[in-house]
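Coordinate inspection notes
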Number of protein chains: 2
Amino acid sequence: MSSFVTPPVPPMRITFDARMEPSGPVLTRRMSDLRGLFADTAAWEASLAEDPVVYEVASSPVPEAEGELPQSITTIHPGKVGGEFHMTKGHIHPRPRGEIYLGLSGVGGLLLFDGDKPEWIPMEPGSIGYIPPGWAHRSVNTGDEPYRFLAVYPGDAGHDYEWVLRNGMGYRVLGGADGPDLRPF
Amino acid sequence: MSSFVTPPVPPMRITFDARMEPSGPVLTRRMSDLRGLFADTAAWEASLAEDPVVYEVASSPVPEAEGELPQSITTIHPGKVGGEFHMTKGHIHPRPRGEIYLGLSGVGGLLLFDGDKPEWIPMEPGSIGYIPPGWAHRSVNTGDEPYRFLAVYPGDAGHDYEWVLRNGMGYRVLGGADGPDLRPF
């Protein structure tokens, strides 16, 4: 099992595809890990029979420590639950730290919420989504193939997943006739 | 003239090629801005007749402020001065902050120096160079076409250029028969 390097971190060259090389930790989220995310609870429960992998997060060895700038590749597999697109759990940084997502393959979107208003940024290869400090963020696969992006974030940002379960993300993203259909949460 | 956004920064989608869109400040470094960088002073002085642009740094509007995560695209034009490849001034972050460079086009290298030992990371499209906190860094175009990379760095890192003029970068990077020739500074 790969893991984060202990500081001091040496300079390194990192290449990436679905994983990063050299590799850090790899996180796999199955449908059963996503309790409470999808509006249609019955559809979510039905999906547990196969319990598919919804997304994977492959990190570089750069640790989540103050002063470092870790990176990861997230791959969200295509699909819907009760009409709602596959998505990440979403989180907010306990410390006010910005983050960038850079689209690598497939199409998706970046949903942001500051507790008051939501924002939606369509994502594709070559676009950067900027997540300012103080905004919760979630990624959504709005296409028919895997949606993959590179994340770069300060090592001391932290991850608060409970905030999203308590506050929602402002919008739900469903499949519509002409692309993503954003509905009030 | 484009400039940095004043916080609070809104979520935004940023696309890029040679520039970023929406655009922040664009910095142009001509040969005359690079006094003291190249070992061959006579060759540098001769190059001032044409005073070519050596590199450009195009920033996104995300400001260099604490908590933000600004980005920029650097394009180093190909060329040599007294056999030494075109390069950036190089700097170290006054605050110990990591940074990443992501190769976009052309070939080059990332030269790092911690004041004691130098490191050299070859760069090409799709490779990330990780700059740990505490390492001075400089980029070098080792090819025949423009070398372009995306930089992502914490907004409170700062830039100390004087450190490099005082301490050097450990290596000089000259054109050799079989690629870059690293010589002691």
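Only a predicted model underlies this, so the values are computations on that prediction, with no experimental measurement involved.

**Some details on the relation of the copies chain A and chain B**
Least-squares fitting of chain A to chain B yields an RMSD of 0.0 Å, with the superposition described by an axial translation of 0.0 Å and a rotation of 180°. These values place the two chain copies in the arrangement generated by a two-fold rotation axis. Residue A:Pro154, judged by its C-alpha, is the member of chain A lying nearest the rotation axis, at 3.6 Å. The fraction of interface residues of chain A whose copies in chain B are also interface residues reaches 100%, indicating that both copies meet through the same surface.

**Regarding the pattern of salt bridges**
Counted by the stated rule, this structure contains 14 salt bridges over all chains. Here B:Asp114 ties to B:Lys117 by a salt bridge, and the two come within 3.5 Å at their closest N and O atoms. The exposure class assigned to B:Asp114 is partly exposed, which follows from its relative accessible area of 28%. The network of salt bridges with common partners includes A:Arg95, A:Arg97 and A:Asp156.

**Observations concerning the sheet that holds strand E4 (residues 53-59) of chain A**
Spatially, the 8 strands line up as an open sheet ordered E3(A)-E4(A)-E5(A)-E13(A)-E8(A)-E11(A)-E1(B)-E2(B), and their pairing is antiparallel. At either margin of the open sheet sits one strand with a lone partner, and together these are strand E3 (26-30) of chain A together with strand E2 (20-21) of chain B. In this sheet, E2(B) lies alongside strand E1 (residues 12-16) of chain B in antiparallel orientation, the contact comprising 2 bridges. Bridge pairing in E2(B) links B:Thr15 to B:Glu21.

**Regarding the interface of chain A and chain B**
It is common to report an interface's size as the accessible area lost on association of the parts. Facing 37 residues of chain A, the contacting portion of chain B comprises 37 residues. A buried area of about 2,800 Å², summed over both sides, lies between chain A and chain B, and 67% of it is on carbon and sulfur atoms. Viewed at the interface, chain B and chain A are joined by 2 salt bridges. Notably, a salt bridge pairs A:Glu124 with B:Arg13, separated by 3.0 Å at the nearest N-O pair.

**Describing the sheet that holds strand E3 (residues 26-30) of chain B**
Here we have 8 strands laid out as an open sheet, ordered E2(A)-E1(A)-E11(B)-E8(B)-E13(B)-E5(B)-E4(B)-E3(B), and antiparallel in their pairing. Only two strands of the sheet have a single neighbouring strand rather than two, namely strand E2 (20-21) of chain A together with E3 of chain B. Bridge count for E3(B) against strand E4 (residues 53-59) of chain B is 5 bridges, and the pairing is antiparallel. Looking at E4(B), one finds that B:Arg29 is bridged to B:Tyr55.

**A short note on the pairing of strand E13 (residues 147-152) of chain A**
Residue and element names in this part refer to chain A. Across the 6 residues that make up E13, a large majority, 6, are buried. Of the two faces of E13, the one lined by Tyr 147, Phe 149 and Ala 151 and the one lined by Arg 148, Leu 150 and Val 152 are each fully buried. With 6 bridges joining them, strand E5 (residues 71-76) and E13 adopt antiparallel strand pairing. If you follow Thr 75 over to E13, its bridge partner there is Arg 148.

**What to know about the environment of B:Ser23**
Tracing the backbone through its elements, the reader meets B:Ser23 in the loop between E2 and E3. Distance in space between the C-alpha atoms of B:Ser23 and B:Val5 is 9.9 Å, their sequence separation being 18 residues.

**Some points on the side chain of A:Arg138**
All names here are of chain A. You can see Arg 138 is positioned in strand E12 (residues 136-141). No salt bridge forms around the buried Arg 138; measuring N to O, its nearest opposite-charge neighbour Glu 84 is 5.6 Å away. Residue contacts for Arg 138: discarding those within four places in its chain leaves Leu 37, Met 87, Thr 88, Lys 89, Gly 90, Gly 109, Leu 110, Leu 111, Val 164, Met 169 and Phe 185.

**Digging into the side chain of A:Asp51**
Residues and elements named next belong to chain A. By secondary structure assignment, the location of Asp 51 is in the loop between helix H1 (41-47) and E4. At a separation of 2.7 Å, a polar atom in the side chain of Asp 51 contacts the main-chain amide nitrogen of Ser 32. What Asp 51 contacts, discounting residues up to four positions off in sequence, is Arg 30, Met 31 and Ser 32.

**Some points on the packing of aromatic side chains**
Scanning the model with the defined rule gives 6 aromatic pairs over all chains in all. Geometry around B:Tyr161 places B:Arg29 over its ring, the cationic atom sitting 5.3 Å from the centre.

**Focus: the UniProt feature "domain: Glucose-6-phosphate isomerase prokaryote" (unreviewed entry) in chain A**
Under the present numbering, the feature "domain: Glucose-6-phosphate isomerase prokaryote" (unreviewed entry) in UniProt falls on residues 29-174 of chain A. Span residues 29-174 of chain A is 9% helix and 40% strand, its end C-alpha atoms 20 Å apart.

**What about unusual backbone geometry?**
Residues and elements named next belong to chain A. A cis amide bond links Pro 7 to the next residue, Pro 8, at an omega of 5°. Assignment of secondary structure puts Pro 8 in the segment before strand E1 (12-16). A positive phi angle is found at Asp 51, which is not glycine, with a value near 45°.

Reading the values: the criteria
Residues numbered from 1 in each chain as written. Chains lettered and ligands numbered in written order. Predicted model: local features only at pLDDT ≥ 70, side-chain atom pairs only at ≥ 80, totals over all residues. Heavy atoms only, no water. Least-squares fit on C-alpha atoms with pLDDT ≥ 70 in both. Contact = heavy atoms within 4.5 Å. Salt bridge = Lys/Arg side-chain N within 4 Å of Asp/Glu carboxyl O. Buried < 20%, exposed > 50% of the residue type's maximum accessible area, 1.4 Å probe, protein only. Pairing = 2+ DSSP bridges. Helix = DSSP H or I, 4+ residues; strand = E, 2+ residues; numbered from the N terminus. Buried area = accessible area lost by both parts, 1.4 Å probe. Lys, Arg positive; Asp, Glu negative; His and termini not counted. Polar contact = N/O pair within 3.5 Å; in protein donor to acceptor, adjacent residues only side chain to side chain. Phe/Tyr/Trp six-rings, centres within 6.5 Å; stacked < 30°, edge-to-face > 60°. Lys NZ or Arg CZ within 6 Å of the ring centre and 35° of its normal. UniProt positions renumbered as here; feature names shortened; annotations may be inferred.

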